[in-house]
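# Summary of structural features
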Amino acid sequence: MSPPQRILLGVGAGIAAYKSLELARRLRERGAEVRAVLSPRARRLIAPLAFQAVTGQRARFELWDEEGEAGMSHIELARWAEAILLAPATADLIARLAHGLADDLLTTVCLASEAPLWIAPAMNRTMWAHPATQNNVRLLQTRGARLLGPASGAQACGEEGPGRMLEPDEIVAALCAPQALAGLRLLVTAGPTFEDIDPVRFIGNRSSGRMGFAIAAEAARQGARVTLISGPVALQTPIGVRRIDVRSAREMLAAVLAEIDDQDVFVAAAAVADYRPRELAEQKIKKGMAGMNLELEANPDILATVADLPRRPFLVGFAAETENLRANAMAKLAAKKLDLIAANWVGRPGQGFDAEENALLLLWPGGEREIPRMDKAEVARALLATMVERLESRASA
Ligand code: CTP
């Protein structure tokens, strides 16, 4: 799929609307045709004429605009769009779309269009965090809308936090992302596993699932068909990703084996517990003893099990290390006969487990590449780029 060429830019009444002019300009530089539709209140913040100057098209804001309707009716406008981009999307605009209101031109066009909807929210951080807004966003996402941001940082209202609209170049990059993985089927494991001790206690680990979720999100964004098998995490399902929730290593293995047929790639990003309690106590274990021993037994190795299947997909493993990163990862690459391994330091502040950022050392038979520390979404992009290269070189070998 190539990037959309006819983009309807919906401008909500947020102060970030001034950035939408730049956004329109950037989209046009990419060769896209852009038509702006302003919400009635956005018009009070920014002049439609400014959008007209940048897009070369009449910017519209009224449903009952005779001249505009004569040129292109709102239904024709809805059909014309290959993508609808709402930037900035205010809390009010998101709410009205979530509930299917169509009381102005912008919401009417959104309701009348089958084009993919991209939403770049911009609002005060408390409005963004409000359960009403969060529920509305989730509702739109379940209908296929794609969320761009918001970013965190200083806000126009003087506060600090999530709610800033993404920068125009970030929005353009997302909207025009190449579909490098179109047609590829990817199975990803993510998060920790929990191994129960009794009805209230378990053995877990500090994996947040963010790296695996970022890989699943990015792969879906690039056109892959992604199934994500996740241990217990507190993360939203990425857009376009099919998600299966599990708890223990054995449940994760069963889910993986049920899904593995026909997969092109298996990415094992989960931090699977190597051991589980030998016995699961039926009742809560009572205190009273001075100490206690917990007997553990080995869990199945999911990645190694998949590696031994007769028809194995391209295998990407992870190695979380606190020492000897390269040597340990090389050993795992060979031992599990992987096609690619992503090694990362853990136990260092700010990266790896339960952090926003990560850095990876990628190793494959005969080569390596270092991915410097950056946001996990960026890291996922770099990892997938290397994966595609390895897949292609394997196919041509
Ligand atoms: N893995 C798995 N099933 C397990 C254990 C690990 O699928 N029971 C996968 C992880 O998802 C990761 C890779 O195997 O992709 C990690 O390899 P492994 O050698 O098991 O690493 P560690 O568990 O970190 O090993 P060690 O504790 O010995 O360092």
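Our subject is the structure listed above.
Together, Tyr275, Met289, Met292, Leu294 and Leu296 give the surface a local cluster of nonpolar side chains, amounting to about 500 Å² of exposed area. Tracing the backbone shows methionine 289 in the loop between β14 (275-277) and β15 (296-298).

What follows is about the pattern of salt bridges. The tally for this structure, following the rule as stated, stands at 35 salt bridges. For glutamate 218, the salt bridge identified is with arginine 221, shortest N-O distance 3.1 Å. You can see glutamate 218 and its partner arginine 221 sitting in helix α10 (residues 210-221), three residues apart, about one turn around the helix. Residue glutamate 218 is classed as buried on the basis of its relative accessible area of 4%. Within the structure, one salt-bridge network assembled from shared partners comprises Arg41, Asp92, Arg96, Asp103 and Asp104.

Inspection of the region around the ligand gives Ala268, Ala270, Val272, Asp274, Pro300, Asp301, Ile302, Leu303, Gly317, Phe318, Lys332 and Lys336 as its neighbouring residues. Between alanine 268 and the ligand, the recorded distance is 2.6 Å, taken from a backbone N or O atom to an oxygen atom. Contact distances for the ligand include 2.9 Å between a nitrogen atom and a backbone N or O atom of proline 300. Protein chains shield 75% of the accessible area of the ligand, which is 570 Å² for the free molecule.

Membership of the largest hydrophobic core comes to 36 residues, with the highest contact counts inside it found for Leu186, Val226, Val265, Phe318 and Met387. When residues of this core are traced back to their parent elements, those giving at least two are β8 (185-190), α10, β11 (225-230), β13 (265-268), β16 (314-321), β17 (340-345), β18 (357-364) and α14 (376-396). The next biggest cluster of nonpolar side chains, apart from the first, holds 31 residues, and it includes Ile7, Ala24, Ala122 and Met165.

For the peptide bond that leads from alanine 87 to proline 88, omega is 0 degrees, which places it in the cis range. In this structure, proline 88 sits in strand β3 (residues 83-89). Here the amide bond leading from glycine 149 into proline 150 is cis, since omega sits at 5 degrees, within 30 degrees of zero. You can see proline 150 is positioned in the loop between β5 (146-147) and β6 (151-154).

Calculation rules
Residues numbered from 1 in each chain as written. Predicted model: local features only at pLDDT ≥ 70, side-chain atom pairs only at ≥ 80, totals over all residues. Heavy atoms only, no water. Patch = residues over 30% accessible without salt bridge, like charges linked within 9 Å, V, L, I, M, F, W, Y side chains within 5 Å. Areas by Shrake-Rupley, 256 points an atom, 1.4 Å probe, with all protein chains shown as cover. Salt bridge = Lys/Arg side-chain N within 4 Å of Asp/Glu carboxyl O. Helix = DSSP H or I, 4+ residues; strand = E, 2+ residues; numbered from the N terminus. Buried < 20%, exposed > 50% of the residue type's maximum accessible area, 1.4 Å probe, protein only. Near = heavy atom within 4 Å. Polar contact = N/O pair within 3.5 Å; in protein donor to acceptor, adjacent residues only side chain to side chain. Core = buried A, V, L, I, M, F, W, Y, C linked by side-chain atoms within 4.5 Å.

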